[in-house]
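Read off the chains here:
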Amino acid sequence: MQTKMTPMNDARPITRLAPSPTGALHLGNARTFLINWAMARQQGWEIVLRMEDLDGPRVKPGAAEGALAVLAWLGMDWDYGPYDQLADLTPYRAALEALHAKGLVYPCTLTRSEIAAARSAPHGDDEASGSELRYPGVSRGADAGDGSDLLEEDEQAWRVTIPEGRVAFEDALAGPQAFDVQAEVGDFIVATKAGLPAYQLAVVVDDHRQGVTEVVRGDDLLSSAARQLWLYRLLEYRPEPTYTHVPLVLGPDGRRLAKRHGDTRVDTYRQRGVRAERVVGLLASWCGVADKRREMTAAEFAAGFGPDRLPREPTVFTAEDEAWLTQ
Ligand code: GLU
């Protein structure tokens with residue numbers, strides 16, 4: 001999948017669309033991507049498409065192609081990529097070696113659920129939210145060896161030593177944020193037992209090497225931004241990106257939109273003959289772009305979008321929304 005890389009030191013801001021091919025895109029994912037895309041097209045940011053395919057067993061065959069097809073069907077495009085992650089682990093290895101050379105990583109034997117949590121992005125109410133348990137640093141001081149086995153499949157994962165203290169940043173939507181990562185999460189995993197870079201590390205390495213300056217994503221990853229900013233600092237990467245964390249779409253039960261709420265996959269609506277403009281129109285009504293649901297193209301969405309109009313509370317996918325899509 002690899003094509004040309006983004007030019008580093010490009011004067012233009014760059015953002016990324018970063019689907020995980022662990023399942024088909026549902027309406028909530030589509031809304032976040034459409035907001036990201038509209039902000040980019042309005043403000044002249046370039047767009048990297050990055051397929052986050054490091055999530056081992058959770059990656060589903062065909063999901064990457066499916067995500068690209070759905071984004072394009074809805075009217076989104078991108079300037080670079082699609083890139084993937086698994087094809088070449090060299091950049092992640094180099095970052096781990098840099099941390100190792102500074103004495104900032106150490107090996108640790110972990111439980112299965114902790115490994116699972118490290119592989120994927122820690123989304124709010126995911127079952128595998130073990131990464132949210134604070135790690136008490138029990139393996140700190142373990143012999144880190146010569147660093148030749150940082151990405152080797154074996155009995156140990158690698159954790160990064162996180163200093164004490166708060167990381168503060170301004171989120172363009174969520175406002176001022178401060179997290180004490182050491183107190184809340186502890187030394188987190190940067191490489192898994194499976195010999196793969198963990199989500200937190202992979203995102204930082206990729207955002208840096210792909211020249212990403214603007215990160216727009218769901219607000220279930222707000223606290224991850226603090227972990228990622230620590231990695232920027234420990235790796236001495238500049239510039240740090242600007243963050244915009246978007247409230248999520250919930251099901252009628254108030255939980256993050258997921259399979260339990262029925263089949264809200266965009267591709268299912270497409271296969272049932274629902275027009276892309278209708279899906280975009282629903283998303284527009286969820287984003288303050290339209291007062292009520294009406295069909296529109298992605299370009300019309302981008303023309304009408306403004307972060308100020310975006311609801312600051314989560315959106316609820318209702319039975320009326322479903323009826324409007326499929327009527
Ligand atoms: N691929 C991640 C996800 O689907 C996105 C991570 C990010 O935007 O940093 O959750």
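Residues numbered from 1 in each chain as written. Predicted model: local features only at pLDDT ≥ 70, side-chain atom pairs only at ≥ 80, totals over all residues. Heavy atoms only, no water.

### Let's talk about the packing of helix H1 (residues 27-43) against helix H9 (residues 276-286)
Piece 1. Running from amino to carboxyl end, H1 crosses H9 at an angle of 75°, the nearest separation of the two axes being 10 Å. In terms of orientation, H1 and H9 fall into the roughly perpendicular class. For the pair H1 and H9, the contacting residues are Leu27, Ala30, Arg31 and Leu34 in the first and Val279, Val280, Leu282, Leu283 and Trp286 in the second.
Piece 2. Looking at the contact of H1 with H9 residue by residue, the classes come out as eight nonpolar, no polar and one charged. (Axes fitted to C-alpha atoms, helices over the stretch in contact; angles between N-to-C directions. Helix = DSSP H or I, 4+ residues; strand = E, 2+ residues; numbered from the N terminus. Parallel < 35°, antiparallel > 145°, perpendicular 65-115°, else oblique. Contact = heavy atoms within 4.5 Å. Nonpolar A, V, L, I, M, F, W, Y, C, P; charged D, E, K, R; others polar.)

### Some thoughts on the site of the ligand
Piece 1. Surrounding the ligand, one finds Arg16, Ala18, Ser20, Glu52, Ala121, His123, Tyr199, Val203, Arg217 and Leu221.
Piece 2. One of the backbone N or O atoms of Ala18 is found 2.7 Å from a nitrogen atom in the ligand.
Piece 3. Note that an oxygen atom of the ligand is positioned 2.7 Å from one of the side-chain N or O atoms of Arg217.
Piece 4. Relative to its free-state accessible area of 300 Å², the ligand is covered by the protein chains to the extent of 88%. (Near = heavy atom within 4 Å. Polar contact = N/O pair within 3.5 Å; in protein donor to acceptor, adjacent residues only side chain to side chain. Areas by Shrake-Rupley, 256 points an atom, 1.4 Å probe, with all protein chains shown as cover.)

### Some points on unusual backbone geometry
Piece 1. Here the residue pair Gly81 and Pro82 is connected by a cis peptide bond, since its omega of 10° sits within 30 degrees of zero.
Piece 2. Secondary-structure assignment places Pro82 in strand E3 (residues 80-84).
Piece 3. Following Arg238, the chain continues to Pro239 via a peptide bond in cis, the omega torsion being -10°.
Piece 4. As for its placement among the helices and strands, Pro239 is situated in the loop between helix H7 (222-235) and strand E10 (242-246).

### Describing the domain arrangement of the protein
Piece 1. One can read the domain layout of the protein as domain 1 (14-87 + 248-326) and domain 2 (90-202).
Piece 2. Computed over C-alpha atoms, the centres of domain 1 and domain 2 are 29 Å apart.
Piece 3. Taking both sides of the interface into account, the surface hidden between domain 1 and domain 2 amounts to around 1100 Å²; carbon and sulfur atoms contribute 49%.
Piece 4. Three residues stand out in domain 1 for area buried against domain 2, namely Leu54, Gln85 and Arg256, and they jointly supply 44% of the buried area on that side. (Domains from an automatic or database assignment. Buried area = accessible area lost by both parts, 1.4 Å probe.)

### Some thoughts on the sheet that holds strand E4 (residues 105-108)
Piece 1. Read from one edge of the open sheet, three strands run E4-E5-E8, paired in antiparallel fashion. Edge positions in the sheet fall to E4 and strand E8 (189-191), since each has one partner strand and no second. Along the sheet, successive strands turn relative to each other by an average axial angle of 45°, direction set aside.
Piece 2. With two bridges connecting them, strand E5 (residues 157-160) and E8 associate as antiparallel partners. Residue pairing for E8: Trp158 is matched across the bridge by Ala191. (Pairing = 2+ DSSP bridges.)

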